[in-house]
Amino acid sequence: MLMSIFRSRSFLIGALATGMAALIVHFVIILGYSFRDQLPASATKLTDRYAVPMFHQNWKLFAPDLPRYNAELEYRYFGNQTWSDWSDITKQCGFGPYTRMETIEQGFNTQLSWQVVNNYYALNGRAQFDRMVQSPAYANCLFYVLKMHELYVSKTKPDSVQIRLNFRFTPPPQQAHTYQISNLEFPVYVPI
Amino acid sequence: MDKIYDHFTLDVQHADSLRLFTILLYLWFPLNVIMLYDVKDLLWGVDNVFYRHGHADGFIENFFYQLVYDATRFKMIFYTHLVASLLSIFQTRWSLIPRLITWCTAWLLFYAAIEAFNSGMMIMISLAFFASVIDTRAQHPFRILLTNLARYACIIQLSLVYFVAAIYKLSGDQWLAGDAFYYTVHITHFASDFWTSETMLNNHWLLTGLTWAGLLYQLIFPVMIWIKRGRTAFLIAGIFFHLFIGTFLHLWDFALAMIFCYALFMHDKTAARILRLLRLQP
């Protein structure tokens, strides 16, 4: 009886219409979610509620523009009354530039670089780090460095740790390939 | 109306290419697991490298973010994902169950290590949701209907990926100026010695040409896949485009994900030949 209902033409037409309508609604919302930065807050509230967490999408790989610099995360630590040399933690732990751990580090670098661009400012001629060090981006980097240090370098917790972002700026195309290199050292952090 | 009805309910459209697509789609997940196996503890284990900020609260959120707040479930979820994705490759009456488990567990793993993934994982999860109802041997008209709708959903989803990516690229300066590839190879994570050599960096026309070719491909993909004439050549070019991304930008998971998806557009005869070769022909 039930199977014959599922086979009936009227049921199948209804199912087809419902399925098509559902797909149209789904993809319209997903399209809106994909361009959520261009939508008003009232619309993003709706698209976010639908898309997160089950239909989340983000297709911005290499878009809209690529950074005009290469950033690497370095750290040093204070232990046995001396500061270590600066080193790239991912590289030091044996992970190459194309590994998944480097992908993770680059993700953190992008977040922290965004903080540098948007939340690094000067007051009375002095650089201010307060906004940056309160950001999740800084916490991510610090946690990553401390965890990798604990797992691969030393089980002993360092007395202090400091991170810095090393920037190598890409020269504009068709100009001499000389690189401007700069770094930004963050305040010393004392692990509790 | 009758034509549409018949199209969706009489036969599974392009059954062989669709079957090959589902095999490759669910094969991608165990391949991804193998690629991540060495660092799985760093990504999801109790000693993972991520600072956990907390997450949105709610019934659905608590399910999908469970690995974010409870790393002790990692092994169970990780191996469940592996087994479920392997079982999903095979088409049985009960395929819906392992396929939905694959989809759910993939999200759990994704959210708990979001920085470790690129668009490859996201596209495969998005497609896995629709593909869970695909049954290319379906005889019942309702299952045939579901399978055909899922096939179109996968095609639209794939088109959406290219379309959104192209629009975002057009909104910047570098892609239209032809400089995007030049800036890409200056990022150590994507660069290789070949592209950063003086000879290649001075070859401005090549770098510009590659940038524009990539942009053009993404822009016209959503249109080209519906045009029979020239589609095969276009998709072969696309395979080379993604092999290029895998080889030179070291994004193999993303490259393989996109190439696997192209099985959707393969000629049925070619797909049938491959299936016979793999002894997976029903």
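1. Concerning the overall build of chain A
Next up, step 1: Scanning chain A from N- to C-terminus turns up seven helices and seven strands.
Next up, step 2: A globule of 192 residues ought to have a C-alpha radius of gyration of about 16 Å, yet chain A, at 25 Å, is considerably larger.
Next up, step 3: Over its C-alpha atoms, taken along the principal directions, chain A stretches across nearly 85 × 45 × 35 Å.
Next up, step 4: Buried residues in chain A amount to 42% of all 192 residues.

2. A word on the environment of A:Ser34
Next up, step 1: Looking at the secondary structure, you find A:Ser34 in helix H2 (residues 9-34).
Next up, step 2: The class for A:Ser34 is buried, based on a relative accessible area of 7%.
Next up, step 3: When the C-alpha atoms of A:Ser34 and A:Val190 are compared, they prove to be 40 Å apart, with 156 residues separating the residues in sequence.
Next up, step 4: Ignoring any residue separated from it by four or fewer positions in sequence, one finds A:Ser34 in contact with A:Trp59, B:Leu160, B:Val164 and B:Tyr168.

3. Brief notes about the nonpolar core
Next up, step 1: Within the largest apolar cluster, 139 residues are counted, with the highest numbers of intra-cluster contacts made by A:Met101, A:Ile163, A:Phe186, B:Leu43, B:Trp44, B:Met124 and B:Phe221.
Next up, step 2: If one sorts the elements of this core by residue count, helix H9 (residues 141-170) of chain B sits on top with 14 residues.
Next up, step 3: Lining this core are residues from two domains, each supplying at least three of them: domain 1 (2-55) and domain 2 (69-185) of chain A.
Next up, step 4: Here B:Leu43 is in contact with A:Met101, A:Ile104, B:Leu36, B:Asn48, B:Phe50, B:Arg52, B:Ala112, B:Ala113 and B:Ala116, once residues within four sequence places are set aside.

4. Quick word on the interface of chain B and chain A
Next up, step 1: Each partner contributes to the interface: chain B provides 76 residues, whereas chain A provides 71 residues.
Next up, step 2: In total, chain B and chain A occlude about 6,800 Å² of area from one another, counting both sides; carbon and sulfur atoms represent 68% of this.
Next up, step 3: Contact with chain A buries surface across chain B, with B:Tyr5, B:Tyr168 and B:His189 losing the most and accounting together for 11% of the total.
Next up, step 4: Where chain B meets chain A, there are four salt bridges.
Next up, step 5: The partner of B:Glu61 in a salt bridge is A:Arg49, and the shortest N-O contact between them spans 3.1 Å.
Next up, step 6: Between chain B and chain A we count 22 residue pairs in polar contact (both at pLDDT 80 or more) in total.

5. Some thoughts on the packing of aromatic side chains
Next up, step 1: Taken as a whole and judged by the stated rule, the model has 54 aromatic pairs over all chains.
Next up, step 2: A ring pair is formed by A:Phe55 and B:Phe129, whose centres lie 5.0 Å apart and whose planes are at 80 degrees; its orientation type is edge-to-face. Taken as a pair, A:Phe55 in the loop between helix H3 (41-51) and strand E1 (69-79) and B:Phe129 in helix H8 (residues 119-131) lie in two separate chains rather than in one.
Next up, step 3: The exposure class of A:Phe55 is buried, given its relative accessible area of 13%.
Next up, step 4: For B:Phe129, a relative accessible area of 28% corresponds to the partly exposed category.
Next up, step 5: For A:Arg76, the ring lying beneath its charged end belongs to A:Trp83, and the centroid distance is 4.4 Å.
Next up, step 6: The residue whose ring lies beneath A:Arg168 is A:Tyr179, and the NZ or CZ to ring-centre distance is 4.8 Å.

What counts and what doesn't
Residues numbered from 1 in each chain as written. Chains lettered and ligands numbered in written order. Predicted model: local features only at pLDDT ≥ 70, side-chain atom pairs only at ≥ 80, totals over all residues. Heavy atoms only, no water. Helix = DSSP H or I, 4+ residues; strand = E, 2+ residues; numbered from the N terminus. Rg over C-alpha atoms; globule rule 2.2 N^0.38 Å. Buried < 20%, exposed > 50% of the residue type's maximum accessible area, 1.4 Å probe, protein only. Contact = heavy atoms within 4.5 Å. Core = buried A, V, L, I, M, F, W, Y, C linked by side-chain atoms within 4.5 Å. Domains from an automatic or database assignment. Buried area = accessible area lost by both parts, 1.4 Å probe. Salt bridge = Lys/Arg side-chain N within 4 Å of Asp/Glu carboxyl O. Polar contact = N/O pair within 3.5 Å; in protein donor to acceptor, adjacent residues only side chain to side chain. Phe/Tyr/Trp six-rings, centres within 6.5 Å; stacked < 30°, edge-to-face > 60°. Lys NZ or Arg CZ within 6 Å of the ring centre and 35° of its normal.

Any functional reading would require information that these geometric values do not contain.
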